[in-house]
Amino acid sequence: MHWTAPQRVFFLIVIMTLACLASASVAITLLYHAAFEEERIRLAEVTHAQARLMEAVARFDQRYSEQVHPKGSAAATLSQIIDAHKYNKGFGQTGEMTLARQVGDQIVWLLTHRHSDLDEPKPLPLSGKLAEPMRLALSGKSGTIVAPDYRGEMVLAAYEPVALLQLGLVSKIDLQEIRTPFLHAGIITGISGISIIILGGFLLFRISHPIIKRLEESEAYTRAIITHAGEGIITTDETGTIDTFNTTAEHIFLYPSRQIIGKNLKALLPKPNNEHHQDHIKTYLLMGERSRLGTRREVTAERRDGTTFPLSLAVTEVTFSQRRIFICLVHDLTEEKMAERRLRAQYEVARILADQITIEQAAPKILRAVCESLGWQLGILWQVDTQKNFLRGIELWCHTPDQFTEFCATTKETRFLKGQGLPGKVWSTGKAVWIPDVVKDSNFPRAKFADKENLHAAFAFPIQLGTEIYGVMEFFSFHIHQPDDALLQQMQSVGSQIGQLIDRTQSQEKIKILARFPEENPNPVLRVLRDGSITYHNKAATDFLSALNLENGNQQPQPWQNLIQDAFNHGSAKGKEMICHGRVFSLTLAVIDGTNYMNVYALDITDRRRAEEHLRNRDEQRRQMQKLEAIGTLAGGIAHDFNNILTALIGFTELAIAKAGKPDPNDSYLQEVLQAGYRAKNLVQQILTFSRQGDVGKKPIQLQDIVEEALKLLRASLPSTIAVHQDLEATAGPVFADPTQIHQVVMNLGTNAEYAMREKSGSLHVTLNEVTVEQPGASPPPGIVPGRYVRFTMTDSGHGISPEVLSRIFDPFFTTKNVGEGTGMGLSVTHGIVTDHGGMISVQSKPGVGTTFVIHFPRTVEILERPSPNTIIKMPKGEGTVLFIDDEASIVESGKIMLETLGYHVQAYTNSREALAAFQENPHTIDAVITDQTMPECTGTELAKAILQIRPTIPLILCTGFSHIINEEKALSIGIPVFLNKPYRFNDLAQAVRHAFERSHKRKTETLSN
């Protein structure tokens, strides 16, 4: 190196100054060490003397102060030390003595600290890092040490144990106090040296300023060029050690120059390239291949974060001061390469989308194109399962089939929900997502498999189908890559392009389906011009056109012409109905704007109309049934109360007749009262029959009895202006029918006849006879099967029925009555009942003359069950005690008298609870029990069950005016042998009691025999 004269002078002055400073520093250091040693010896001596003095005082106190101080001699000694300490807390600026003892695992201070305002210093843990000198003293050691004191300050300390008192004594002084004089001397010396340097530098500057300025300008210029060069500049020596690393290189490699200068150039190269770098340098130095100098070539480099990137490198060589210096010009090719790859990937995807028809064909080619264009290793297509709402992998691509086998197998089995994993996150956000290293990502469930396969960077983008996500494409690389926003935006666009392919494919398929729609449509579809001519019709419209007589250019019917013109005038029409061959069509006529034609769509709604009618009929039938149920419930309640009244009325009347003498002038009156009671009983039974409380199902019956009962009930409701005539043939054979429904048929026809004759007087003729139909014909009604029938005829003299109405009288809900007078269900129900019984109903009517209904019921061959002939039964008497219970006092009174007349002793009750209590008190004094069913607090069946538990074979009779929950069969099933309906006669009660005794005796016999 060449030195100038000013430089030599300046360098000499600096050397001399530094030598002086060094000499002064050595001298000060030696003096400091001498002073330090002197202070150490002094502290050790003082501490030792103080410790021995404390032990001497302690021995004195042991001998003379043991009894003086209340806490003993040790406390006396300690109190003297503390008092003495108050007058001498320290020495120097920072020196002090400390005294402490060990209590458990803590150091407890006995003297106040000079550097603390606390009268009682806080204890310190024995195992802590502070108060090291005191810790040594308490362990029984003595000596000196440089260590932290209780404040954490570094001190020079002498420590000594006070063994007699089991205390530790420390004398210490801050190191800073020892150092301060020497620091001051060093500062003065340094200031003097600096002054000499400044003076010498000033003189040198005055002499060499022009030269220095030119050199600095040249150096700054060179440094600015290197620092701010557009390319990275790196210089190395022959060994590859880096000397220069400019700002651009720092940005490229992410290394600050201070960290990389002095390291070998191979630190900037990835494995395995860096392993051969030194071999290349040696080869070059030996062979001298200068032809490679200055030539740009592409290499792979590695940044500080471990990511690799493409680098353009040009190397030149210069010799400087007999040193070979290599200058490397480097340029980061990442952006250029990525832009090139992005464009190539987008071009390849666009080409594939243009060539392919479906996403199934395009998907594997797109995955391959993106991977090969970007230099990535694995691509996956995920599809949204809209029904199960998850993502599933449907396509994978990698360079070779045997790559990533475990990762690919896991991928095929994995299902992702929204927000789960990389695909789920893309699905949730609808945005492309980049992960620099999936192995370190917490939201990547396949991380351990990716780590095994050496997969790191990943990105994924959505396939957008309108506003919905069709699927997600996911890609993986061997390397760690930082996010590339430009690539993500480009791939987001690629996802939209793929979505457009899917949309186009689906639209084309929809167009094909729509194109087939008219021909596949089972309903007529036509295209009609303004003049009514038909330019197109599908196959289903052939019958429709034939029905309208529109085929082969025939003259169009006027209703069709009017419909077409009306639609053109109003710009379409909906819900226009036409009937063709008995089928109902709903027409929609859609005029196409800007054209002279319309599309006509015909929908066959016949079945729908029938279904709607059926639903209306069923709903109305259900409402009628609900009404009948309500009537039945009401009738049952009336029957119960009325039968209770009749029971008392008939019972007392029979008693009055039985008590009257012969002859008695009042006997005839009482017989009339009794007959009226019997008629009232039959009337109640008719009410129950009408309300279906007595419905027993189909069985062989004589229609005469049913018709006669119905006419009796009907006659009571007819006005006196209507005369009823009946001719019921007694020899008419039986029919297989439901008595209740036959009763309803007669009532329905009768009420209709009453309505027809309401405005004037009239007559109602009812006949019943047996006929034989040999051949079907016009009379009787057409369609009737030959055979034997029971014919029922009802003729009224009302206003008659017009022919228009006559054809619809059996239609449900059709009625000519005013609102609130009828529902239109009577004749419909009648027709249904007759048809259900295999019969036929017909009607003849003339307006103003009257109406005749004729019903043919098939005669049955089954044998009719006839009751045994009435025999005179002697009223049986008996003896014993009968428990009689009924909540009606009049029934209890009449029943008691009847039973007593028959010879029984009677215990009568109107409260079922009281009766049960009486029976429980003396159960074996009661010979029979008669109880009503419907009573407050306890019903008859509940009472009977309780009694039967006590005496299972006791004669028991259950009476009821009417009950929804009990009948004769149910009574027998729970152990009640006799069931008696109200109102009952005197003889009925006598026979019931006798029957109960007989059944009870039979049960006792069976029980004993078993």
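All of these numbers come straight from a predicted model, not from anything done at the bench. (Residues numbered from 1 in each chain as written. Predicted model: local features only at pLDDT ≥ 70, side-chain atom pairs only at ≥ 80, totals over all residues. Heavy atoms only, no water.)

This part is about the packing of aromatic side chains. In total, this model carries 13 aromatic pairs according to the counting rule given. Between Phe245 and Phe253, the aromatic rings sit 6.0 Å apart at their centres with planes inclined by 45 degrees, giving tilted as the arrangement. A relative accessible area of 1% places Phe253 in the buried class. Measuring from ring centre to ring centre gives 5.7 Å for Phe253 and Phe309, while their planes differ by 65 degrees; the resulting arrangement is edge-to-face. Of this pair, Phe253 sits in helix α5 (residues 247–253) while Phe309 is found in strand β11 (residues 308–320), placing the two residues 56 residues apart along the sequence. (Phe/Tyr/Trp six-rings, centres within 6.5 Å; stacked < 30°, edge-to-face > 60°. Buried < 20%, exposed > 50% of the residue type's maximum accessible area, 1.4 Å probe, protein only. Helix = DSSP H or I, 4+ residues; strand = E, 2+ residues; numbered from the N terminus.)

A few words on the sheet that holds strand β29 (residues 840–846). Ordered by their spatial adjacency, 5 strands build an open sheet running β25-β27-β28-β30-β29, and the pairing between neighbours is mixed. Lying at the two open borders of the sheet, with one neighbouring strand each, are β25 (722–728) and β29. Neighbour-to-neighbour, the strand axes of the sheet open up by a mean angle of 15 degrees, direction not taken into account. Sheet topology places β29 next to strand β30 (residues 850–858); 7 bridges connect them, and they run antiparallel. Paired with Val843 across the strands is Phe853, a residue of β30. Those strands touched by helix α18 (residues 703–717) are β25, β27 (762–773), β28 (787–796) and β30, and its axis lies near 170 degrees from that of β25. Packing against the sheet, helix α19 (residues 739–756) makes contact with β25, β27, β28 and β30, and its axis sits at approximately 30 degrees to β28. (Pairing = 2+ DSSP bridges. Axes fitted to C-alpha atoms, helices over the stretch in contact; angles between N-to-C directions. Contact = heavy atoms within 4.5 Å.)

One way to put it is that helix α8 (residues 334–355) packs onto helix α9 (residues 359–374) with a least axis distance of 8 Å and a crossing angle of 165 degrees. Looking at the two axes, α8 sits roughly antiparallel to α9. Remark: the crossing between α8 and α9 carries right-handed chirality. For the pair α8 and α9, the contacting residues are Arg341, Arg342, Arg344, Ala345, Glu348, Val349, Ile352 and Leu353 in the first and Ala362, Lys365, Ile366, Ala369, Val370, Glu372, Ser373 and Leu374 in the second. Here the contact of α8 with α9 is built from residues that sort into 9 nonpolar, 1 polar and 6 charged. (Parallel < 35°, antiparallel > 145°, perpendicular 65-115°, else oblique. Left-handed = near helix turned anticlockwise from the far one by under 90°. Nonpolar A, V, L, I, M, F, W, Y, C, P; charged D, E, K, R; others polar.)

Next up on the list: the pattern of salt bridges. Under the criterion given, the structure shown has 20 salt bridges. Taking the shortest distance from any N to any O, the salt bridge between Glu96 and Lys172 comes out at 2.9 Å. Placement of Glu96 in strand β2 (residues 95–103) and of Lys172 in strand β7 (residues 167–174) is noted, with a sequence separation of 76 residues between them. Looking at Lys172, the relative accessible area reads 2%, which means it is buried. The closest approach of N and O atoms between Glu474 and Arg446, which form a salt bridge, is 2.8 Å. Here Glu474 is found in strand β18 (residues 468–476), whereas its partner Arg446 is found in the loop between β16 (433–435) and α12 (447–452), with 28 residues between them in sequence. (Salt bridge = Lys/Arg side-chain N within 4 Å of Asp/Glu carboxyl O.)

Now for the environment of Ala648. Tracing the sequence through the fold places Ala648 in helix α16 (residues 606–659). For Ala648, a relative accessible area of 9% translates into the label buried.

Let us now look at unusual backbone geometry. Residues Lys982 and Pro983 are joined by a peptide bond in cis, for which omega reads -5 degrees. Take Pro983: it is sitting in the loop between β35 (978–981) and α26 (986–1009). With a phi close to 55 degrees, Ala131 is a non-glycine residue in the positive phi region. When you line up the elements, Ala131 lands in the loop between β4 (124–125) and α3 (132–138). By relative accessible area, Ala131 is classed as buried at 2%. Backbone geometry places Gln166, a non-glycine residue, at a positive phi of 55 degrees. Among the structural elements, Gln166 can be located in the loop between β6 (154–162) and β7.

Let's shift gears to the pairing of strand β3 (residues 106–109). Residues of β3 alternate between two faces, with Ile107 and Trp109 buried on one and Gln106 and Val108 left unburied on the opposite face. In this sheet, β3 lies alongside β2 in antiparallel orientation, the contact comprising 4 bridges. The residue of β3 that forms the bridge with Val103 is Gln106. Connecting the antiparallel pair β2 and β3 is a turn made up of 2 residues, with Gly104 showing a positive phi of about 65 degrees. As paired elements, β3 and β4 share 2 bridges and run antiparallel to each other.

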